[in-house]
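Summary of structural features
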Amino acid sequence: MNRGLLISACLMLLVGTAGAQITSVGLIGTATPGGWDFDTDMVQDTANADMWTLAITLTDGVVKFRADDDWAINWGNDEGDFPYGTGAQDAADIPVKAGDYNIQFNSATGVYYFDFGSAIGIIGSATPFGWDSDTDMCPDTGDVYTITLDLNQGEVKFRMDNDWAVNWGAEGFPTDTGVQNGPNIPIEVPGNYSVTFDTASGVYNFTQNLDFTTVGIIGDATPAGWDSATAMNPGSGVGDWTITADLTAGGLQFSGDNGVVVWGGSDFPSGTAVENGDTIPVPEGTWIVDFNHKTGEYSFTIVEIFASVGIIGDATPGGWDTDTDMERSPTDSSEWTLRIELTDGEAKFRANDDWAVNWGAGDFPTGVAVRDGANIPITAGEYVVSFNSIFGNYNFRELIVFDTMGLIGTGTPFGDWDNDVIMTRDPSDENSWFIEEITLSDAGADGGVKFRADRDWTVNWGADSWPNGIGTQDGPNIPSVAGTYGITFNDATGEYAFGDPITSSNRELLRPSSIKAYPNPTADLLNVDVSAVEMTGDVQMRVYDMNGKLLVSQTQAAQDLMQLDVAALPNGIYSLQITSEGYIIGKRFVVARK
């Protein structure tokens, strides 16, 4: 459809000076033919130098606009608005869906529109193009279409193929069921909205996207009752809020900026809240409450402090008759661990030696257990078992005790793949090994080093990162760099480090058991307690994923307790490498959010 004059009139409402300094504008990103390597140039309008257009086929991915084939001036959108939005300098990538588009962009205002001739559009006095032209909606799943756009105060309808032959409307807002040739849908409050419409059922929903200074819980179940909102804390994602609170039996709603917007629902312990929705029924207890004001999704997770948590089942020493108690973490009352020999069979976790509260799941060796869940299938072996009694995350880490551990490869003094340099077992940790001092040579072509157990290639570890990383079974050669090093390796986690030579004065620093990282799992902040050792100078903390990819790097002055922000990491298992004056310590931790 041709919207050139309409969108030009709309975008010219804002006037800027950037366009006068720009000689070209292009589209770049994973969704474009040139990827991130080069721009696909847009065409400048002859009547308006700030207007640029482009006909292009895109794949699923992300894009940005940029000027003069350079990142000095570029436009993105932090809210991910598509197909219509306003770009801002150095903002986030714009997510797009595969299709053929006629793109229009104003370099003075940043306003963009990806026109792809969708079968369903939204039209009306509240839309950017009024009653003259549709704003296309994006196909989502099934018969559902979506769009995020700015709406004025006014009215709208949905229609098919840019024609009034088939159109839907209703009187309700923000949600209702549209009917053929129904009344106009009233938009009373202007703002940015995420809109969904189901052409099969006619059901539509308008969710206003607001940025709030505060979001809280309010109601007779909350500490302050209906008089004032109890503030929640910002979460790790866009629109996320969280709080741990003692609630009484009753109801509550979510309140944005002290009542500017109120959301509610009828489901518990999880559901989707809507503006001016019902009061959510809540039982008495201590709850972790999570809410996203953009999606409306909420959840309540009970926080219970148990006197004991144990593992029970025919795979355990006590069978189904007696629990083997786990050890509570001194820093997190919900974290439990146990070293145990298990046989082939099944097991569950339970609290207080009673079946009233028990957890299980069908996954092994890791998973998320739920109340009264399935038995966990166990493979015989010796394990360190960890379990979180709030979130249900568990892990069975198998322990294998090797007789010897060696460093082998062309980078060692032997210079071959036949002879091991035998490592010393740490007397305080049977899975930790070290070499006090060794001189290595450069890896060279097809060279390097690896770790292997019992002088045999059956069990060996390698990785492509230096000087530290996480070795994996039959992984690549570690690319050694010429020099004299002290080396540490943990055969339970695969974590290794090549640092300064190890002496009696720094050996304690190299023991992972000397360093505490908690809470584990964590959702946002990881506390690193080094009070048990004398660590001085700058401390560099690096976080790697299980493939050895560096994700976070931060340097702090050494102190007894340091904090690392991991809120941007997705749920998963990670390795923390702590480096100070040549000493490298490895810790493993879990990020887990509901």
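Going by the structure above, here's the rest.
Below you will find a few notes about this structure. Being a predicted model, the structure only gives us computed values, none of them experimental.

1. Here we look at the overall build of the chain
For the chain, the helix and strand inventory stands at 1 helix and 61 strands. Judged by the C-alpha coordinates and their principal axes, the chain covers about 80 × 60 × 40 Å. Looking at the 594 residues of the chain, the share that counts as buried comes to 51%. Sequence-distant contacts in the chain: of pairs separated by 6 or more residues, those separated by 24 or more amount to 59%. Carbon and sulfur atoms make up 49% of the accessible area of the chain, which amounts to about 25,600 Å² in all. Taking the average place of the 26 positive charges on the side chains of the chain and the average place of its 85 negative ones, the gap between the two points comes to 7 Å.

2. Here we look at the layout of surface pockets
For the second largest pocket, the calculated volume is near 780 Å³. Together, 31 residues line the second largest pocket, and Thr242, Ile288, Asp290, Phe391 and Ala523 are the ones closest to its centre. Of all the secondary-structure elements, those providing two or more residues to the lining of the second largest pocket are β26 (240-247), β32 (285-292) and β33 (297-302). Residues that form the lining of the second largest pocket fall into these classes: 12 nonpolar, 12 polar and 7 charged.

3. Description of the pairing of strand β37 (residues 335-342)
Along any regular strand, the residues point their side chains to alternate faces of the sheet. Where strand β36 (residues 327-328) meets β37, 2 bridges bridge the pair, whose relative direction is antiparallel. By the bridge assignment for β37, Glu327 is matched with Thr337. In terms of strand pairing, β37 meets strand β43 (residues 381-388) through 8 bridges, oriented antiparallel. From the neighbouring strand, Leu342 faces β43, where its bridge partner is Gly381.

4. A look at the sheet that holds strand β21 (residues 191-198)
Within the open sheet, the 5 strands sit side by side as β14-β15-β21-β22-β18. Their pairing is antiparallel. Two strands bound the open sheet, and with one partner strand each, they are β14 (138-139) and β18 (175-177).

5. A short note on the sheet that holds strand β50 (residues 460-462)
Read from one edge of the open sheet, 5 strands run β46-β45-β49-β50-β52, paired in antiparallel fashion. Unpaired on one side and paired on the other, β46 (416-422) and β52 (472-473) mark the two borders of the sheet. Direction of pairing for β50 relative to β52: antiparallel, over a ladder of 2 bridges. Bridging from a neighbouring strand, Trp461 pairs with Gln473 of β52.

6. Digging into the environment of Ser201
The topology assignment puts Ser201 in the loop between β21 and β22 (203-208). Of the residues examined, Ser201 reaches a relative accessible area of 38% and is grouped as partly exposed. Put simply, Ser201 and Gly80 are 121 residues apart on the chain and 27 Å apart in space, counted from C-alpha to C-alpha. At 3.2 Å, the side chain of Ser201 and the backbone nitrogen of Val203 are in polar contact.

How each quantity is defined
- Residues numbered from 1 in each chain as written.
- Predicted model: local features only at pLDDT ≥ 70, side-chain atom pairs only at ≥ 80, totals over all residues.
- Heavy atoms only, no water.
- Helix = DSSP H or I, 4+ residues; strand = E, 2+ residues; numbered from the N terminus.
- Buried < 20%, exposed > 50% of the residue type's maximum accessible area, 1.4 Å probe, protein only.
- Contact = heavy atoms within 4.5 Å.
- Areas by Shrake-Rupley, 256 points an atom, 1.4 Å probe, with all protein chains shown as cover.
- Lys, Arg positive; Asp, Glu negative; His and termini not counted.
- Charge placed at Lys NZ, Arg CZ, Asp CG, Glu CD.
- 1 Å grid on protein atoms, 1.4 Å probe; cavity = no way out; pocket = protein on both sides within 12 Å on 5 of 7 lines; lining within 4 Å.
- Points joined across faces, edges and corners; volume = space filled by probe spheres on them.
- Nonpolar A, V, L, I, M, F, W, Y, C, P; charged D, E, K, R; others polar.
- Pairing = 2+ DSSP bridges.
- Polar contact = N/O pair within 3.5 Å; in protein donor to acceptor, adjacent residues only side chain to side chain.

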